[in-house]
Amino acid sequence: MAVVLDARRKRLYYRSAYTGTKETDVLLGAFAQRHLAELDEQQLDDYEKLLEIDDPRLYKWITAQETPPAEYDTPVLQLIQAFELTD
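Description of the structure in this document. (Residues numbered from 1 in each chain as written. Predicted model: local features only at pLDDT ≥ 70, side-chain atom pairs only at ≥ 80, totals over all residues. Heavy atoms only, no water.)

## Focus on the overall build of the protein chain
Right, so step 1: Helix and strand content of the protein chain: 5 helices and 0 strands.
Right, so step 2: Ordering the α and β elements of the protein chain from the N terminus gives α-α-α-α-α.
Right, so step 3: Relative to the globule expectation of 12 Å for 87 residues, the C-alpha radius of gyration of the protein chain, 12 Å, shows essentially globular dimensions.
Right, so step 4: Viewed in the frame of its principal axes, the protein chain has a C-alpha envelope of about 40 × 25 × 25 Å.
Right, so step 5: Counting all 87 residues of the protein chain, 39% fall into the buried class.
Right, so step 6: The contacts in the protein chain between residues at least 6 apart in sequence include a share of 57% that link residues at least 24 apart. (Helix = DSSP H or I, 4+ residues; strand = E, 2+ residues; numbered from the N terminus. Rg over C-alpha atoms; globule rule 2.2 N^0.38 Å. Buried < 20%, exposed > 50% of the residue type's maximum accessible area, 1.4 Å probe, protein only. Contact = heavy atoms within 4.5 Å.)

Here it is in structure tokens:
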């Protein structure tokens with residue numbers, strides 16, 4: 001099970017660092033590097049679901065320019081919103 005989660009985290013890290021938009025690449029890449037190892041399976045599911053959202057919309061949710069739909073307003077999104085690149 002741990003091997004499967006490690007492979008999943010590596011895949012999610014790559015997707016985080018190469019989203020297609022520089023702003024989200026930097027923010028999500030740094031977030032993933034610092035926090036993916038501590039996320040449980042449900043949190044990884046929530047994070048993966050967020051990565052399916054188009055970059056401009058997700059960036060607006062992260063930076064509180066838009067309110068995300070309830071189904072995406074998870075503790076993981078709130079953790080990303082609270083994340084600072086200087087952490």
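## Digging into the nonpolar core
Right, so step 1: Ranked by size, the top nonpolar core spans 21 residues in total, and within it Tyr47, Leu50 and Ile80 carry the most contacts.
Right, so step 2: Going through the elements one at a time, α2 (22–35), α3 (41–51), α4 (55–62) and α5 (75–82) are the ones with two or more residues in this core.
Right, so step 3: Here the element with the most residues in this core is α2; it accounts for 5 residues. (Core = buried A, V, L, I, M, F, W, Y, C linked by side-chain atoms within 4.5 Å.)

## Brief notes about the packing of aromatic side chains
Right, so step 1: Scanning all chains against the criterion turns up 4 aromatic pairs.
Right, so step 2: On the basis of an interplanar angle of 35° and a centroid distance of 5.7 Å, the ring pair of Phe31 and Tyr47 is categorised as tilted. Here Phe31 is found in helix α2, whereas its partner Tyr47 is found in helix α3, with 16 residues between them in sequence. Of the two residues examined, Phe31 and Tyr47, each falls in the buried class.
Right, so step 3: Aromatic side chains Phe31 and Phe83 sit 5.6 Å apart centroid to centroid with 85° between the ring planes, which places their arrangement in the edge-to-face category. (Phe/Tyr/Trp six-rings, centres within 6.5 Å; stacked < 30°, edge-to-face > 60°.)

## Regarding α5
Right, so step 1: Three or more residues of α5 are buried, namely Val76, Leu77 and Ile80. For α5, the angular spread of buried residues about the axis comes to 100°, placing them on one side. Residues Pro75 and Ala82 are exposed on α5 and point more than 90 degrees away from its buried face.
Right, so step 2: Packed against the buried residues of α5 are α2, α3 and α4. (Arc of directions from axis to C-beta.)

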